[in-house]
Amino acid sequence: MLFKERLRELRTTSPYTQKDIAQKLNISVSAYQYYEAGKNEPNIEKLIILADMFGISIDYLVGHSVQMKDNAKSFD
């Protein structure tokens, strides 16, 4: 499942913690952890928030594109 792998990679290369992302999504940390574990998937509203947070396309996030987006955020 590409979504969970991309989500985990995006989070670990960003300054965000699981708690930060869960708060932004207005869900519990355990609900967010289910996303990274592949046990649950976010609805479209949550996908939009995630894509905006990381500056990427939803297509990239869900594995329909190999290109993030020209203006992807850099967390260096």
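Residues numbered from 1 in each chain as written. Predicted model: local features only at pLDDT ≥ 70, side-chain atom pairs only at ≥ 80, totals over all residues. Heavy atoms only, no water.

Caption draft 1: Representation of the environment of Leu25 in the model. Mapping Leu25 onto the fold places it in helix H2 (residues 18–25). Residue Leu25 is classed as buried on the basis of its relative accessible area, which comes to 1%. C-alpha separation for the pair Leu25 and Lys46, spaced 21 residues apart in sequence, amounts to 6.2 Å. Residues contacting Leu25, with those up to four places away along its chain left out, are Tyr32, Tyr35, Lys46, Ile49 and Leu50. (Helix = DSSP H or I, 4+ residues; strand = E, 2+ residues; numbered from the N terminus. Buried < 20%, exposed > 50% of the residue type's maximum accessible area, 1.4 Å probe, protein only. Contact = heavy atoms within 4.5 Å.)

Caption draft 2: Just the packing of aromatic side chains, in detail. By the definition in use, this model includes two aromatic pairs. Judged by centre distance (5.7 Å) and plane angle (75 degrees), the rings of Tyr16 and Phe54 are edge-to-face. Linking Tyr16 in the loop between helix H1 (2–12) and H2 with Phe54 in helix H4 (residues 44–54), this pair joins segments that are 38 residues apart in sequence. Under the relative-accessibility criterion, Tyr16 is labelled partly exposed at 24%. (Phe/Tyr/Trp six-rings, centres within 6.5 Å; stacked < 30°, edge-to-face > 60°.)

Caption draft 3: Here's a closer look at the nonpolar core. By size, the foremost hydrophobic cluster in this structure holds 16 residues, and its most contacted members are Leu7, Leu50, Phe54 and Leu61. Looking at this core, the elements that each hand over two or more residues are H1, H2, helix H3 (29–37), H4 and helix H5 (58–61). Tallying contributions element by element places H4 first for this core, with five residues. Setting aside anything within four residues of it in sequence, one finds Leu61 in contact with Phe3, Arg6, Leu7, Leu10, Leu47, Leu50, Ala51 and Ile56. (Core = buried A, V, L, I, M, F, W, Y, C linked by side-chain atoms within 4.5 Å.)

Caption draft 4: A look at the packing of H1 against H3. Where H1 meets H3, the closest approach of the two axes is 7 Å, and the angle between their N-to-C directions is 120 degrees. Relative to H3, the element H1 is oriented oblique. Judged by residue contacts, Phe3, Lys4, Leu7, Arg8 and Arg11 of H1 engage Tyr32, Tyr35, Glu36 and Ala37 from H3. Considered class by class, the residues forming the contact of H1 with H3 number five nonpolar, no polar and four charged. (Axes fitted to C-alpha atoms, helices over the stretch in contact; angles between N-to-C directions. Parallel < 35°, antiparallel > 145°, perpendicular 65-115°, else oblique. Nonpolar A, V, L, I, M, F, W, Y, C, P; charged D, E, K, R; others polar.)

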